[in-house]
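Structure assessment
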Amino acid sequence: MKRTTIKQRVELSTYCWIISALSSTFICGVFLYALQRPDNNLTVWISGSAIIMLFLSTLYYMPLSISLDNDSLSINRPLKIKSIPLSDIAEAVLYPSTMGAIRICGSGGWFGWYGWFKEKDLGKYYAYYGKASDCFLVTLKDARKYMLGCKDAPEMVNAINERITNLS
């Protein structure tokens, strides 16, 4: 069987860019201010550690792209790739996020939407996307759900469904 891969970039919304830039600037500004005060050694260490953890978690979870090969659907993140075997996927459907989700643990716009969310209609799901309009929902056979997003979501959904149909 010929090995083919489809890869689509995750694009961040204008909201994400603004929130990310303003928050990062504010966080770094507060840290630089604390550095200039010689009596705040403990504050500098604590805030520096918190900033490092914040940015590392972002690098660990922030989605960069979604790729699909003959065996798996992958969420490509800066420090780790999350792969979902195609044999575990029940279906993929276009499903623009309603933006009414409750964030259980994750980011609600800082370098994208990622983490664990809950909505009335969907229940709990994992999210990895940059724009609500680019979303699609992947449901696994064990009922776990992933709200993913990429530049050409309809093409990705069609490709996923075609490949899971060919597995049967």
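Residues numbered from 1 in each chain as written. Predicted model: local features only at pLDDT ≥ 70, side-chain atom pairs only at ≥ 80, totals over all residues. Heavy atoms only, no water.

Quick look at the pairing of strand β10 (residues 145–149) now. Buried residues dominate β10, accounting for four of its five residues. As defined by bridge partners, strand β8 (residues 123–129) adjoins β10 across three bridges and the pair is classed as parallel. Each bridged residue has a counterpart across the sheet, and for Y126 the counterpart in β10 is Y146. Sheet analysis places strand β9 (residues 135–140) next to β10, joined by five bridges and oriented antiparallel. Following the sheet pairing, V138 is matched in β10 by Y146. The antiparallel pairing of β9 with β10 creates a hairpin that spans four residues between the two strands, and A143 there sits at a positive phi of about 80°. (Buried < 20%, exposed > 50% of the residue type's maximum accessible area, 1.4 Å probe, protein only. Helix = DSSP H or I, 4+ residues; strand = E, 2+ residues; numbered from the N terminus. Pairing = 2+ DSSP bridges.)

Before going further, it helps to spend a moment on unusual backbone geometry. Phi at F111 takes a positive value of approximately 60°, unusual for a residue other than glycine. Notably, A143 is not glycine yet its phi reads approximately 80°, a positive angle. Along the polypeptide, A143 turns up in the loop between β9 and β10.

The subject of this paragraph is the confidence of the model for the chain. For the chain, per-residue confidence averages 91 on the pLDDT scale, and residues scoring 70 or more make up 96% of the total. Put simply, helix α2 (residues 41–61) is where the chain has its lowest mean pLDDT, 88, and strand β2 (residues 65–68) is where it has its highest, 98. (pLDDT = per-residue confidence, 0-100.)

The subject of this paragraph is the packing of aromatic side chains. Enumeration according to the criterion identifies nine aromatic pairs in this entry. Judged by centre distance (5.3 Å) and plane angle (55°), the rings of F55 and W110 are tilted. Separated by 55 residues along the polypeptide, F55 in helix α2 and W110 in the loop between β6 (102–109) and β7 (112–119) bring together distant segments of the chain. Geometrically, the ring pair formed by Y126 and Y146 is stacked, given 5.3 Å between the ring centres and 25° between the ring planes. Linking Y126 in strand β8 with Y146 in strand β10, this pair joins segments that are 20 residues apart in sequence. (Phe/Tyr/Trp six-rings, centres within 6.5 Å; stacked < 30°, edge-to-face > 60°.)

Right, let's talk about the layout of surface pockets for a bit. In this model, the largest pocket occupies a volume close to 200 Å³. In this structure, the largest pocket is lined by L54, S57, T58, Y61, C105, G106, S107, W110, Y114, G115, W116 and Y126. Contributions of two or more residues to the lining of the largest pocket are made by α2, β6 and β7. In terms of residue count, the dominant contributor to the lining of the largest pocket is α2 (four residues). By residue class, the composition of the lining of the largest pocket is seven nonpolar, five polar and no charged. (1 Å grid on protein atoms, 1.4 Å probe; cavity = no way out; pocket = protein on both sides within 12 Å on 5 of 7 lines; lining within 4 Å. Points joined across faces, edges and corners; volume = space filled by probe spheres on them. Nonpolar A, V, L, I, M, F, W, Y, C, P; charged D, E, K, R; others polar.)

With that settled, consider the sheet that holds β10. Strand order in the open sheet formed by six strands is β5-β9-β10-β8-β7-β6, and the pairing between neighbours is mixed. Of all strands in the sheet, those bounded by a partner on one side alone are β5 (89–94) and β6. For this sheet the average axis-to-axis angle between neighbouring strands, irrespective of direction, equals 20°. Across the sheet, helix α1 (residues 14–35) is in contact with β6 and β7; its angle to β6 comes to roughly 90°. (Axes fitted to C-alpha atoms, helices over the stretch in contact; angles between N-to-C directions. Contact = heavy atoms within 4.5 Å.)

Attention now goes to the pattern of salt bridges. The tally for this structure, following the rule as stated, stands at four salt bridges. Two residues, E11 and K151, come together in a salt bridge whose shortest N-O distance is 3.9 Å. Of this pair, E11 sits in the loop between β1 (6–9) and α1 while K151 is found in the loop between β10 and α3 (153–167), placing the two residues 140 residues apart along the sequence. Its salt-bridge partner being R144, residue D142 comes within 2.9 Å of it at the nearest N-O pair. The partly exposed category is assigned to R144, whose relative accessible area is 36%. What emerges from the salt-bridge pattern is a single network uniting R9, E11, K131 and K151. (Salt bridge = Lys/Arg side-chain N within 4 Å of Asp/Glu carboxyl O.)

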